[in-house]
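What follows is each chain in one-letter form.
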Amino acid sequence: MNHFWQQLKKPFFVLAPMADVTDIVFRNFVLRYSRPDVLYTEFVACKMLLAPKNRKLLMRYLQYSPSERPIVAQLFGSEPDDFFACARLLREWGFDGMDINMGCPNRRVERRGAGAHLMRDPQRAQAIIQAAKEGLGDLPLAVKTRLGYHVIETESWIGAVLAAKPDVLVVHGRTRQEMSEVPAHWDEIAVAATMAHDVGVLCVGNGDVDSREQGEEYAQRFGVDGIMIGRGVFGNPWVFATQAERSESEKLLALARFITQFTGFWQTAKREGLLKKHFNAYIEDSPGSKTLRMELMTTASAAAALETLARYFHQHGWIFPEIFYERIMSA
Ligand SMILES: Cc1cc2nc3c(=O)[nH]c(=O)nc-3n(C[C@H](O)[C@H](O)[C@H](O)COP(=O)(O)O)c2cc1C
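Owing to the predicted nature of the structure, the values given are computational and were not obtained by experimental measurement.

1. A short note on the nonpolar core
Of all hydrophobic cores here, the largest spans 97 residues; its most connected members are Met98 and Leu169. Per-domain counts for this core show at least three residues from each of domain 1 (4-233) and domain 2 (248-330). Setting aside anything within four residues of it in sequence, one finds Leu169 in contact with Val143, Thr145, Ile158, Val161, Leu162, Ala192, Ala196, Val201, Leu202, Cys203 and Val204.

Right, here's the structure in full:
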């Protein structure tokens, strides 16, 4: 079957799914600065998607714009039938592919038998892959997983995933137990890549990559077809482009733009707390930045954060564009 993943020039780059981060605003914000080859939505529960009363809210999480193609929706769940039904829906909604989360260590996800929990039930994982493939028809299926649950079990666990023949294997190079607390085991990702290639499956490596250059080198060294970048995009929406020095004002302007776009889309104070995840990453160590960091982290609203940035720009004699002031005034 000829699908979009196969047509990408190697090594290709993928923006990782990140819950409460990679929504339509964030993805378009990144696209303004650099271009990953594939974008992912943040994950959504199959069960929620299949309950009509939740669908309206969830559609906001699954919303995408044409400029984001190819766009892959990531789902989590534990029932093969749910994946079949959701795959049908994703086709209807025009997604370019689907990804099944088999690596999330969040307790609420695992308690439902989903995410990383599936590593403890390979037969169920295989049944899910099979059902999703049937629902997807000719759309490609990716599985994003880790190297094992308690310990590295590349041969058995990755072997079980590959036996069910997804089109793409995405390997986050750590075990469930390791969370994100140790360096990713790229030597094991290399083993998984060889296993995938032996059965004609593409392999994407993931873990600790924070520049295009590093990704290109890793792809070559560890034999993967593509590289997925997650945390490396925080404070660095340029990460998918060739590295270049960014000035302090350039970075802070990017942050101001993000805050403006985020509030413009969500229009609810409830989600503004999520912005704080981003502040730190945009602030460099420079004279005065300690105060800026402290002030931003204690602001109560997006408009207050923009005001703080405006003051900082003013103090440095930098121009703070009109459009950001408009947001402050309209808050
Ligand atoms: C805030 C945050 C949210 C995440 N949410 C998801 C998710 O929804 N689905 C998923 O498969 N992985 C999720 N991850 C894991 C990342 O996709 C990625 O596998 C992990 O961060 C390792 O890659 P990195 O070292 O490039 O960050 C999340 C990670 C972070 C930091």
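2. Considerations on the packing of helix α7 (residues 122-136) against helix α8 (residues 154-163)
Remark: α7 packs on α8, axes separated minimally by 9 Å, with the N-to-C direction vectors making an angle of 30 degrees. Of the possible angle classes, the one that applies to α7 and α8 is roughly parallel. As α7 packs across α8, the resulting crossing turns out to be right-handed. In contact with Pro122, Ala125, Gln126 and Ile129 of α7, α8 contributes Trp157, Ala160, Val161 and Ala163. Across the contact of α7 with α8, the residue classes break down as seven nonpolar, one polar and no charged.

3. Describing the packing of aromatic side chains
The geometry of an aromatic ring pair comes down to the distance between the two centres and the angle between the two planes. Scanning the model with the defined rule gives 20 aromatic pairs in all. When the centroid spacing of 5.6 Å and the interplanar angle of 45 degrees are considered together, the rings of Tyr61 and Trp266 count as tilted. Taken as a pair, Tyr61 in helix α4 (residues 52-62) and Trp266 in helix α11 (residues 248-266) lie far apart in primary sequence, 205 residues in all. Comparing Tyr61 with Trp266, the two get one shared label, buried. Aromatic pair Trp186 and Phe222: ring centres 5.5 Å apart, planes at 40 degrees, arrangement tilted. Linking Trp186 in helix α9 (residues 186-198) with Phe222 in helix α10 (residues 212-222), this pair joins segments that are 36 residues apart in sequence.

4. Observations regarding the site of the ligand
Within the structure, the ligand sits among 15 residues, and Gln74, Lys144, Asn206, Asp208 and Arg231 are positioned closest to it. Between a nitrogen atom of the ligand and a main-chain N or O atom of Ala19, the distance comes to 2.8 Å. Taking Lys144, its side chain carries an N or O atom lying 2.8 Å from an oxygen atom of the ligand. Here the ligand loses 84% of its free accessible area of 610 Å² to cover by the protein chains. Here the ligand is seated within the largest pocket. Each residue belonging to the shell around the ligand can be placed in one class, and the counts come to six nonpolar, six polar and three charged.

5. Topic: the pattern of salt bridges
Oppositely charged side chains can form a pair if their charged atoms are brought close together. For the coordinates displayed, the defined rule picks out 16 salt bridges. With a closest N to O distance of 3.6 Å, Glu284 and Lys251 form a salt bridge. With Glu284 in the loop between α13 (276-282) and α14 (289-297) and Lys251 in helix α11, this residue pair connects regions lying 33 residues apart in the sequence. Among the residues examined, Lys251 registers a relative accessible area of 18% and is labelled buried. When salt bridges that share partners are traced, they join Glu79, Asp121 and Arg124 into one network.

6. Structural notes on the layout of surface pockets
In this approach, a probe sized like a water molecule rolls over the atoms, and the result shows the empty space that is left. Space inside the largest pocket adds up to approximately 1,300 Å³. In this structure, the largest pocket is lined by 43 residues; those nearest its centre are Pro17, Met18, Ala19, Phe43 and Cys104. Mapped onto the lining of the largest pocket, the elements with two or more residues apiece are β3 (44-45), α4, β4 (71-76), α6 (107-111), β6 (141-145) and β9 (226-229). Sort the elements by how many residues they give to the lining of the largest pocket and α4 lands first, with three residues. Taken together, the residues of the lining of the largest pocket break down into 21 nonpolar, eleven polar and eleven charged. Considered as a void within the structure, the second largest pocket measures approximately 220 Å³ in volume. Lining the second largest pocket we find 15 residues, and of these Asn236, Gln243, Ala244, Arg246 and Lys251 sit closest to its centre. Split by residue class, the lining of the second largest pocket holds five nonpolar, five polar and five charged.

7. Quick word on the domain arrangement of the protein chain
For the protein chain, the domain assignment lists domain 1 (4-233) and domain 2 (248-330). Look at where the C-alpha atoms of domain 1 and domain 2 centre, and you get two points 31 Å apart. Tallying the contact residues gives 13 residues for domain 1 and twelve residues for domain 2. Carbon and sulfur atoms supply 61% of the area that domain 1 and domain 2 bury against each other, a total of about 1,300 Å² over both sides. Taken as a group, Val25, Phe29 and Arg60 account for 42% of the area that domain 1 buries against domain 2, more than any other trio of residues on that side. Remark: the boundary between domain 1 and domain 2 carries one salt bridge. A salt bridge links Asp20 to Arg271, with the shortest nitrogen-to-oxygen separation between them at 4.0 Å. For the pair domain 1 and domain 2, the interface holds four residue pairs in polar contact (both at pLDDT 80 or more). At the level of secondary structure, the elements contributing two or more residues to the side of domain 1 that touches domain 2 comprise α2 (24-33) and α4. Looking at the side of domain 1 that touches domain 2, the element that brings in the most residues is α2, giving six residues. Looking at the side of domain 1 that touches domain 2 residue by residue, the classes come out as eight nonpolar, one polar and four charged.

Criteria and thresholds
Residue numbering note: each chain is counted from 1, following its sequence as written. At least 70 in pLDDT is required for a residue's local features to be given in this predicted model, at least 80 for side-chain atom pairs to be given and counted, and no such filter applies to totals for whole chains, interfaces and linings, which use all residues. Note that water and hydrogens are dropped before the side-chain values are worked out from all heavy atoms of the structure. Nonpolar cores are built from buried Ala, Val, Leu, Ile, Met, Phe, Trp, Tyr and Cys residues. Side-chain atoms within 4.5 Å join them into one set. Using a 1.4 Å probe on the protein chains alone, a residue whose accessible area is under 20% of its type maximum counts as buried, one over 50% counts as exposed, and one in between counts as partly exposed. Those domain boundaries reflect an automatic or database domain assignment. Contact criterion: two residues are considered in contact whenever any of their non-hydrogen atoms come within 4.5 Å of each other. Angles here are taken between N-to-C directions and fall from 0 to 180 degrees, while the axes themselves are lines fitted to C-alpha atoms, restricted in helices to the stretch in contact. By the criteria applied, helices consist of DSSP H or I runs no shorter than four residues and strands consist of E runs no shorter than two, each listed in order from the N terminus. Any angle that is under 35 degrees is reported as roughly parallel, and any over 145 degrees as roughly antiparallel; angles of 65 to 115 degrees are reported as roughly perpendicular and all others as oblique. Throughout, a crossing is termed right-handed when the near helix is turned clockwise from the far one, and left-handed when it is turned anticlockwise from it by less than a right angle. Residue type decides the class: Asp, Glu, Lys and Arg count as charged, Ala, Val, Leu, Ile, Met, Phe, Trp, Tyr, Cys and Pro as nonpolar, and the leftover types, Gly among them, as polar. Any pair of Phe, Tyr and Trp rings, taking the six-membered ring for Trp, is counted once the centres come within 6.5 Å. Such a pair is stacked with planes under 30 degrees apart, edge-to-face with planes over 60 apart, and tilted for the rest. When at least one non-hydrogen atom of a residue lies within 4 Å of a molecule or strand, that residue is treated as near it. Pairs of N or O atoms are called polar contacts if they sit within 3.5 Å, as long as, within protein, a hydrogen donor faces a hydrogen acceptor (for residues adjacent in sequence, only side-chain-to-side-chain pairs). The accessible surface values rely on the Shrake-Rupley method and a 1.4 Å probe; as for residues, cover is taken only from the protein chains in view. Definitions used for this entry: grid spacing 1 Å over protein atoms alone; cavity, a set of points where a 1.4 Å probe fits but cannot get out; pocket, an open set with protein on both sides within 12 Å along at least 5 of 7 lines; lining residue, one with an atom within 4 Å of a point. Criterion for pocket placement: a molecule counts as inside a cavity or pocket if more than half of its atoms are within 2 Å of its grid points. Any Lys or Arg side-chain nitrogen found within 4 Å of a carboxyl oxygen on Asp or Glu counts as a salt bridge. Grid points are joined across faces, edges and corners, and a volume is the space filled by probe spheres set on the points. Buried area is understood as the total, over both parts, of accessible area removed when two parts are fitted together, assessed with a 1.4 Å probe.

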